[in-house]
Amino acid sequence: MKEPAVDEVLARTLESGALTRAERTELASLVERTMPHASQRGALRAKAFDEARARLEGGLSPTAASALLGWLEDVVRISIPAEAKPTRLEVLESPGERPWRRIVSLVSEATRSIDVCVFTVTHDPITRALADADRRGVRVRIVSDDEKAREPGSDLERLARAGVEVRVDEGPALMHHKLALFDDRVVLTGSYNWTRAAAESNHDNVLVTDDPRAIAAYRSIFDRMWEAGLPLRRGVG
């Protein structure tokens, strides 16, 4: 009897919305035998994220969405060898140019998707890089705080006019996250707002890693914020 391929197991379990214990064992064994290289496992994670995102965007009940995130976490966990360590771990500190230049380089290197959840965006080099990414076909999505998005000096409406998908959190509390996912292969986080003040005067930090566990956790945060957000109304920035 022919052994199922990893893609076949993914498709079957995605359809049911969950991995049973037997399916987790089956998938783990297949990955171990057929995907010895980190690049192969990275591609598996990227595929799982793409499939999950497509289903979430298609509209799911809260119960189904929760089950789907559980499926995604299982696939990510299976794809990581027990002894695996992140191959990229950077910590940058402001004031200074290194954090914003790193953000711009990550935006410029992305080829498929950039998902940003940040309190405010007012730094022109970062704004230009995001608009450029959108123009070259990268899907750029941004979630920000509604009040900050509407303050004078915010670049969010400018980005929305350029075609970038922008949503705002209109809850009573601040949307204070600072995170970004690039092609679901790298995540950036830290205290650093995407502002000129952060670059020139504030004491902040940026952490960049390709640890799949961090990527999965921050993917879940972004997806929740995106689903809850409302499109930025133009003309109010």
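Residues numbered from 1 in each chain as written. Predicted model: local features only at pLDDT ≥ 70, side-chain atom pairs only at ≥ 80, totals over all residues. Heavy atoms only, no water.

### Re the overall build of the protein chain
For clarity, the threshold we go by: Numbered from the N terminus, helices here are DSSP runs of H or I no shorter than four residues, and strands are runs of E no shorter than two. Only C-alpha atoms enter the radius of gyration, while the globule expectation follows 2.2 Å times N to the 0.38, with N the number of residues. Exposure classes here rest on a 1.4 Å probe applied to the protein chains alone. A residue is buried below 20% of its type maximum, exposed above 50%, and partly exposed in between. Between two residues, a contact is recorded if the distance between any of their heavy atoms is within 4.5 Å. Surface exposure here means Shrake-Rupley accessible area, sampled with a 1.4 Å probe, where a residue is shielded only by the protein chains that are shown. In this tally, Asp and Glu contribute negative charge and Lys and Arg positive charge; neither His nor the terminal groups of the chain are included. Where a charge lies is defined by one atom per residue type, namely NZ (Lys), CZ (Arg), CG (Asp) and CD (Glu).
Counting its regular elements, the protein chain contains ten helices and eight strands. Against the globule reference of 18 Å for 237 residues, the protein chain gives a C-alpha radius of gyration of 19 Å, in line with a compact fold. Counting only C-alpha atoms and orienting by the principal axes, one finds that the protein chain spans roughly 65 × 35 × 35 Å. Out of the 237 residues in the protein chain, the part that is buried amounts to 49%. The long-range share in the protein chain, meaning contacts at least 24 apart out of those at least 6 apart in sequence, stands at 75%. With the model as given, the accessible surface of the protein chain reaches about 11700 Å², and the carbon-plus-sulfur share is 52%. Of the side-chain charges in the protein chain, 35 are positive and 38 negative, and the distance between the mean point of each set is 2 Å.

### Remarks on helix H5 (residues 98–109)
Note the threshold: By this rule the span expected of a helix is its residue count minus one, scaled by 1.5 Å.
In this model H5 runs 16 Å from its N-terminal to its C-terminal C-alpha over twelve residues, within 8% of the 16 Å that 1.5 Å per residue would give. Along H5, the positions that sit buried rather than exposed are Pro-99, Trp-100, Arg-102, Ile-103, Val-104, Leu-106 and Val-107.

### Quick word on the packing of aromatic side chains
Note the cut-off: Pairing of aromatic side chains requires ring centres within 6.5 Å, counting the rings of Phe and Tyr and the six-membered ring of Trp. Pairs whose planes differ by under 30 degrees are stacked, by over 60 edge-to-face, and all others tilted. Comment: the charge-over-ring label is applied if NZ (Lys) or CZ (Arg) is within 6 Å of the ring centre and within 35 degrees of the ring normal.
The full count for this structure, using the stated rule, is one aromatic pair. An angle of 20 degrees between the planes, with centres 5.9 Å apart, marks the rings of Phe-222 and Trp-226 as stacked. On the criterion of helical spacing, the pair formed by Phe-222 and Trp-226 is a turn pair, its members being four residues apart in helix H10 (residues 212–228). Between the NZ or CZ atom of Arg-141 and the centre of the ring of Trp-226, over which it lies, the distance is 5.0 Å.

### Regarding the packing of helix H2 (residues 21–34) against helix H4 (residues 62–79)
Convention followed: Every angle, taken between N-to-C directions, lies between 0 and 180 degrees, and every axis is a line fitted to C-alpha atoms, over only the stretch in contact when it is a helix. Should the near helix be turned anticlockwise from the far one by less than a right angle, the crossing is termed left-handed; should it be turned clockwise, right-handed. Only Asp, Glu, Lys and Arg are considered charged in this grouping, and only Ala, Val, Leu, Ile, Met, Phe, Trp, Tyr, Cys and Pro are considered nonpolar; every other residue, Gly among them, is considered polar.
Remark: H2 packs on H4, axes separated minimally by 9 Å, with the N-to-C direction vectors making an angle of 35 degrees. H2 and H4 meet at a crossing whose hand is right-handed. Touching Arg-24, Leu-27, Ala-28 and Val-31 of H2 are Asp-74, Val-75, Ile-78 and Ser-79, all from H4. Of the residues contributing to the contact of H2 with H4, the split by class is five nonpolar, one polar and two charged.

### Notes on the sheet that holds strand S2 (residues 113–118)
Applied cut-off: Pairing between two strands is assigned when DSSP locates at least 2 bridges connecting them.
Spatially, S1-S7-S6-S5-S2-S3-S4-S8 is the arrangement adopted by the eight strands of the open sheet, whose pairing is mixed. Looking at the sheet topology across the chains shown, the edges are occupied by strand S1 (89–94) and strand S8 (230–231). Taken together, the two bridges between strand S4 (residues 165–169) and S8 define a ladder with antiparallel strand orientation. Looking across to S8, one finds that Arg-167 is bridged to Pro-231. Across the face of the sheet, helix H3 (residues 38–58) comes into contact with S2 and strand S3 (139–145) while running at roughly 60 degrees to S3. Here H5 sits on the sheet and contacts S1, S2, strand S5 (178–182), strand S6 (186–190) and strand S7 (204–209); the angle it forms with S1, its principal contact strand, is near 135 degrees.

### Description of the packing of H3 against H10
How we decide: Note on terminology: angles under 35 degrees are roughly parallel, angles over 145 are roughly antiparallel, angles of 65 to 115 are roughly perpendicular, and the others are oblique.
Where H3 meets H10, the axes come as close as 12 Å, and the angle between the chain directions of the two elements is 15 degrees. It follows that H3 is roughly parallel to H10 by the angle criterion. Read as a crossing pair, H3 and H10 show a hand that is right-handed. The segment H3 lies against H10, with Arg-45, Phe-49, Arg-53 and Leu-56 engaging Pro-212, Ile-215, Ala-216, Arg-219, Asp-223 and Glu-227. Of the residues belonging to the contact of H3 with H10, the class tally is five nonpolar, no polar and five charged.

### Some thoughts on the pattern of salt bridges
What counts, and what does not: The salt bridge definition used is simple: a Lys or Arg side-chain nitrogen within 4 Å of an Asp or Glu carboxyl oxygen.
This structure, assessed with the given rule, holds 27 salt bridges. As a salt-bridge pair, Asp-74 and Arg-24 come within 3.6 Å of each other at their nearest N and O atoms. Here Asp-74, found in helix H4, pairs with Arg-24, found in helix H2; they are 50 residues apart in sequence, far enough to count as distant. With relative accessibility at 12%, the residue Asp-74 sits in the buried group. We note a salt bridge from Asp-74 to Arg-77, for which the minimum N-O separation is 3.0 Å. Taken together, the residues Asp-74 and Arg-77, both in helix H4 and three residues apart, mark about one turn of the helix. Overlapping salt bridges, with partners in common, bring together Asp-50, Arg-53, Glu-57, Arg-112, Asp-115, Arg-139, Arg-141, Glu-165, Asp-184, Arg-219 and Asp-223 in one network.

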